[in-house]
Amino acid sequence: MKKIAIITCILLFSLLLFSEDVITLNLIEAFSSPYRTPTLKNIIQIFETLNPGVKINVISPPYETAYQKINLMISTEQPLDIVEIGDWNLSALAAMGKLEDLSSYIDSWHEKDDMIEGVLEAAKTYQDIPYLLPHGVFVKALFYRPDILEKYGFKSYPKTMPEMYDTAKKLTESGKNQYGFDFRGKGYPTAFIDIVLTSFFDDIDPNNMYLTTSGEIIFEDPRAIEGLNFYVSLYKDTAPKDSINWGWDEQINAFVSGITPLLFQDPDTTGMLNEMLEPGQYKTAPIPLGVSEKIYPTFGFVGWGIPTYSEHKDLAWKFIKFVSSAEINGYWSKSYGALPILKSVYTYDSYFSSDIFEGWTKMFEDSEHYQFTQYPLDNENWGKWNEFQEKTMQQVLLGKLSVESCLKEWADFWKKAGIK
Amino acid sequence: MKKRKFIFFMLLPTFLLILFIIFYPTISGVLLSFKNYSLFNFKNIEWIGFDNFKEIFSDPFYGNIIWNTVKWVVFSVFFQLILGFILALLMKEPFKGRGIYAGFVFYPWAISGFAIGLSWSWLLNGQFGVINDILMKIGFINEGINFLSDPSLAMFSVILVNVWYGIPFFAIMILASLQTVPDSLYDAAEIDGAGYFTKLFHITIPYIKPTLINTILLRTIWIMNFPDIIYGMTRGGPAGSTEILSVKMINTVFYESDYSKAAAHGVVIVSILFIYTIMYLRLTSKQEFSL
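Source: prediction; values computed, not measured.

Conventions adopted
Residues numbered from 1 in each chain as written. Chains lettered and ligands numbered in written order. Predicted model: local features only at pLDDT ≥ 70, side-chain atom pairs only at ≥ 80, totals over all residues. Heavy atoms only, no water. Helix = DSSP H or I, 4+ residues; strand = E, 2+ residues; numbered from the N terminus. Buried < 20%, exposed > 50% of the residue type's maximum accessible area, 1.4 Å probe, protein only. Contact = heavy atoms within 4.5 Å. Areas by Shrake-Rupley, 256 points an atom, 1.4 Å probe, with all protein chains shown as cover. Lys, Arg positive; Asp, Glu negative; His and termini not counted. Charge placed at Lys NZ, Arg CZ, Asp CG, Glu CD. Pairing = 2+ DSSP bridges. Expected span 1.5 Å × (residues − 1). Polar contact = N/O pair within 3.5 Å; in protein donor to acceptor, adjacent residues only side chain to side chain. Buried area = accessible area lost by both parts, 1.4 Å probe. Salt bridge = Lys/Arg side-chain N within 4 Å of Asp/Glu carboxyl O. Nonpolar A, V, L, I, M, F, W, Y, C, P; charged D, E, K, R; others polar. Axes fitted to C-alpha atoms, helices over the stretch in contact; angles between N-to-C directions. Phe/Tyr/Trp six-rings, centres within 6.5 Å; stacked < 30°, edge-to-face > 60°. Lys NZ or Arg CZ within 6 Å of the ring centre and 35° of its normal. Core = buried A, V, L, I, M, F, W, Y, C linked by side-chain atoms within 4.5 Å.

Peer 1: An account of the overall build of chain A is needed here, citing residue identities and associated values.
Peer 2: From N to C terminus, chain A includes 18 helices and 11 strands. Taken along the three principal axes of its C-alpha coordinates, chain A extends 85 × 50 × 45 Å. Evaluated residue by residue, chain A yields a buried proportion of 60% over its 420 residues. Here the analysis covers contacts within chain A between residues at least 6 apart in sequence; of these, 74% occur between residues at least 24 apart. About 17,200 Å² of surface is accessible on chain A, with carbon and sulfur atoms providing 54% of the total. Of the side chains in chain A, 37 bear a positive and 57 a negative charge, and the two mean positions are spaced by 5 Å.

Written as structure tokens, this is what we have:
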């Protein structure tokens, strides 16, 4: 017994004597998924190999509750060094005063000039300060199934909203369980509703999607009635009725199974579609233009930030910089599906100029028709708005609320929220 | 006196533990409902009185949420009780393979409510749901039924799944209680010429009445506080047609990040349950059953 005790003491002592000091960084991700988390872990492994003595501990809460977990962990100053922040919770986190201003880090980063235009500006949502460095950009595009369109005699994808409606309507044969459009009814359908509605406008404020350039709330404009009526027709005439209750999973399922061959989605959908469909079975196209010949997409983004109370800020930035470097950002974007944040990635990897990315390439090249705008993300009613808009929109689709009354409620909501 | 002191000190740890794990969070939750603790407001938290309550009661959807909650609780408890009772009566009589059969019957109770909600949302999907597929193959329908997207069917669907989920609990509780009814009572009743239903209403039910009362009370509280199935299946939609109080509370946290308002919803739920419990116990304690 005595011998064992002595040997144990010697072992422990030598372990303490010869062990290196290991710094552990705690990283929390917001968008964990079976496709993305392994990629992040691979990147971390490379970083750890290149930086001996640094370990990164990944916290991956379930996607549905991730924002809440992050918000609570930061508000209670739980040990975190790198935090994933989405555009929709950035302002709330920044308002807490617990996110590090990354200006000085970004200024000294040699790859900053390679960033695609507008991304960093978009990330300065709160008080014009970059509290995060985006690692991926999200812009909606039109996904389509050429095999199914061809079967119905369409040689190309629809280029305008009215054309999309006609195409979708011709594809719809409910008796055969065949529909035209992949509709988003629940789980943040905001961007989907607003892209369709604003396609009837030609004067949307580039700084606020809910205002015209003359400062009027769009929901009080007669063009909004046309836009919302069009949206209702799209649902009633071309989409499965059940899709009023569909989120991302159901949308993807219907697209993959061919029930609905037209879909508005973000680039992260490509990761899953590449696994589930054969090459060439799906392609992307620009979002169809509105009657105004314009369309107003928004830049969604996700990035890494550093909590102000982190004890290893410089090391955390070293990791963020590493993830955002051209090689790693390319690998990350390719396997995950977001659009890369660096211009050079688009040129050195042909994947980003393939058919799969045609929709975004064309939209980025045509700034006259595709005018990027922003949501009032810094308004504290933003979270409330998503639930309210989803519920009231569903009422309209079910015929329980008129388009006019709905728009009045939306206008009142934003007036009360003080966007004007 | 010494004995009293001894008892006091022996009970003290339990008392402190209960105080800490039950009363502290409850009181803290109630206090939270009178503040403006939201994600956008961590720097300026203050006492705002009844503002959160005023806001939730002025929600135009609130009446609908209360009505949905009533439907959800009443129909779920009623059908779980009736079907659980029938199941328990069937399970009471010994038969070959009863153990294996019981395992199958009781298994829904072992699965998480949220997982059940998600699974059933796929089973009942209007386009690629298994239920619709079966109904179509047997020629019962020509087109898929929109169980979860048709507001007139959505509430029925979530209650149906909740009933399926909750039957085993009633069955287990009632079965355990049925096994305590002395056979001598049934023997005596049979000698007097009592039939099946006479025995059921005059012996079985009065005998297991305390179990029934407690189980109904417990299940009512649980079902009212049980958003998992609805959240997994519809998140309260479409257009709020399946939104109950506990789902609203979750939506307030998830969408709005307004913890104080969510706490106010919680206070409303607790208040309703408190009133219900008092009324229910008063009502049931007044009724006398005699064998």
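Peer 1: Summarise the overall build of chain B; cite the residues concerned and give the values.
Peer 2: The number of helices and strands found in chain B is 13 helices and zero strands. In chain B, the order of α-helices and β-strands from amino to carboxyl end is α-α-α-α-α-α-α-α-α-α-α-α-α. For the C-alpha atoms alone, the extent of chain B along its principal axes is close to 80 × 75 × 35 Å. Within chain B, buried positions represent 45% of all 291 residues. A separation of at least 24 residues holds for 66% of the contacts in chain B among residues at least 6 apart in sequence. Counting only carbon and sulfur atoms, one obtains 71% of the accessible surface of chain B, whose full area is about 16,000 Å².

Peer 1: Give a description of the sheet that holds strand β6 (residues 181–182) of chain A that names residues and reports values.
Peer 2: Residues and elements named next belong to chain A. The four strands are arranged β6-β9-β5-β10 in an open sheet whose pairing can be described as mixed. Of all the strands in the sheet, the pair left with one neighbour each is β6 and β10 (283–285). By the bridge criterion, four bridges tie strand β5 (residues 141–144) to strand β9 (residues 262–265) in an arrangement that is antiparallel. Residue pairing for β9: Ala141 is matched across the bridge by Gln265.

Peer 1: Could you give an account of helix α10 (residues 222–238) of chain A, naming the residues involved and the relevant values?
Peer 2: Residue and element names in this part refer to chain A. Look at α10: 24 Å from first C-alpha to last across 17 residues, which is about the 24 Å you get at 1.5 Å a residue. Here α10 has its buried residues at Ala224, Gly227, Leu228, Phe230, Tyr231, Val232, Leu234, Tyr235 and Thr238. Between the side-chain oxygen at the start of α10 and the backbone nitrogen of Arg223 there is a gap of 2.8 Å, and the oxygen is on Asp221.

Peer 1: Hey, could you go over the interface of chain A and chain B for me, with residue numbers and the actual values?
Peer 2: Chain A puts 44 residues into the contact, and the matching count from chain B is 33 residues. Here chain A packs against chain B, burying approximately 3,400 Å² in sum over the two surfaces, 58% of which is carbon and sulfur. Across the chain A-chain B interface, the total number found is three salt bridges. With a closest N to O distance of 2.5 Å, Glu243 of chain B and Lys391 of chain A form a salt bridge. For the side of chain A that touches chain B, the secondary-structure elements that each account for two or more residues are α3 (66–75), α4 (87–95), α11 (248–256) and α17 (382–397) of chain A. In terms of residues, the side of chain A that touches chain B owes the most to one element, α17 of chain A, which gives nine residues. Each residue belonging to the side of chain A that touches chain B can be placed in one class, and the counts come to 13 nonpolar, 18 polar and 13 charged.

Peer 1: I'd like a description of the pattern of salt bridges, backed by residues and values.
Peer 2: Residue and element names in this part refer to chain A. Tallied over the entire structure, the rule returns 24 salt bridges over all chains. The salt bridge partner of Asp203 is Arg223, with a shortest N-O separation of 3.2 Å. With Asp203 in the loop between α9 (190–198) and β7 (204–205) and Arg223 in helix α10, the pair connects residues that are 20 residues apart, well separated along the chain. With relative accessibility at 19%, the residue Asp203 sits in the buried group. Each of Asp202, Asp203, Asp221 and Arg223 takes part in one network of salt bridges that share partners.

Peer 1: If you had to explain the sheet that holds strand β11 (residues 300–305) of chain A to someone new, which residues and values would you point to?
Peer 2: Within a sheet, adjacent strands bond to each other through the backbone by hydrogen bonds, running parallel or antiparallel. Residues and elements named next belong to chain A. Read across the sheet, five strands follow the order β2-β1-β3-β11-β4 without closing on themselves; strand pairing throughout is mixed. With one partner strand each, in any of the chains shown, β2 (54–59) and β4 (133–138) form the two edges of the open sheet. Neighbour-to-neighbour, the strand axes of this sheet turn through a mean angle of 20 degrees, independent of strand direction. As judged from the two bridges shared by strand β1 (residues 23–28) and strand β3 (residues 82–86), these two strands associate in the parallel manner. Residue Ile28 lies in a different strand from β3, and its bridge partner there is Val83. With respect to the sheet, helix α13 (residues 313–323) is in contact with β1, β2, β3, β4 and β11, its orientation differing from that of β1 by roughly 55 degrees.

Peer 1: Now, about the side chain of Glu243 of chain B: what can you tell me, with residues and values included?
Peer 2: With respect to the helices, strands and loops of the structure, Glu243 of chain B is situated in the loop between α11 (228–233) and α12 (245–256). Taking relative accessible area as the criterion, Glu243 of chain B reaches 2% and is therefore assigned buried. Residue contacts for Glu243 of chain B: discarding those within four places in its chain leaves Glu387 and Lys391 of chain A together with Ile65, Asn68, Gly236, Lys248 and Asn251 of chain B.

Peer 1: Now, about the packing of aromatic side chains: what can you tell me, with residues and values included?
Peer 2: Under the defined criterion, the tally for this structure stands at 64 aromatic pairs over all chains. Summarising the aromatic geometry, the rings of Trp385 of chain A and Trp410 of chain A are spaced 5.6 Å apart at their centres and angled 80 degrees between planes, so their arrangement reads as edge-to-face. Here the residue Trp385 of chain A occupies a position in helix α17, and Trp410 of chain A occupies one in helix α18 (residues 403–416), the gap between them amounting to 25 residues. Note on Trp385 of chain A: relative accessible area 0%, which makes it buried. Both rings, one in Phe95 of chain B and one in Tyr101 of chain B, keep their centres 5.7 Å apart while their planes meet at 70 degrees; by these two values the pair is edge-to-face. For Phe95 of chain B, a relative accessible area of 37% translates into the label partly exposed. Given the relative accessible area of 42%, Tyr101 of chain B is considered partly exposed. Among the aromatic residues, those joined into a ring-pair cluster are Tyr210, Phe219, Tyr375, Trp382, Trp385, Phe388, Trp410, Phe413 and Trp414 of chain A. The ring of Tyr235 of chain A carries the charged tip of Lys241 of chain A above its face, separated from the ring centre by 5.2 Å. Here the basic side chain of Lys391 of chain A rests over the ring of Phe61 of chain B, its NZ or CZ set 4.3 Å away from the ring centre.

Peer 1: Quick one: what's the story with the nonpolar core, residue by residue and with numbers?
Peer 2: Phe219, Phe264, Trp410 and Trp414 of chain A are the most contacted members of the largest nonpolar core, which has 153 residues in total. Those residues in contact with Phe219 of chain A that lie beyond four places of it in its chain are Leu197, Tyr210, Ala224, Trp385, Leu407, Trp410, Ala411 and Trp414 of chain A. In terms of nonpolar packing, the next biggest core, distinct from the first, is built from 63 residues, Trp72, Ala88, Met224 and Val268 of chain B among them.

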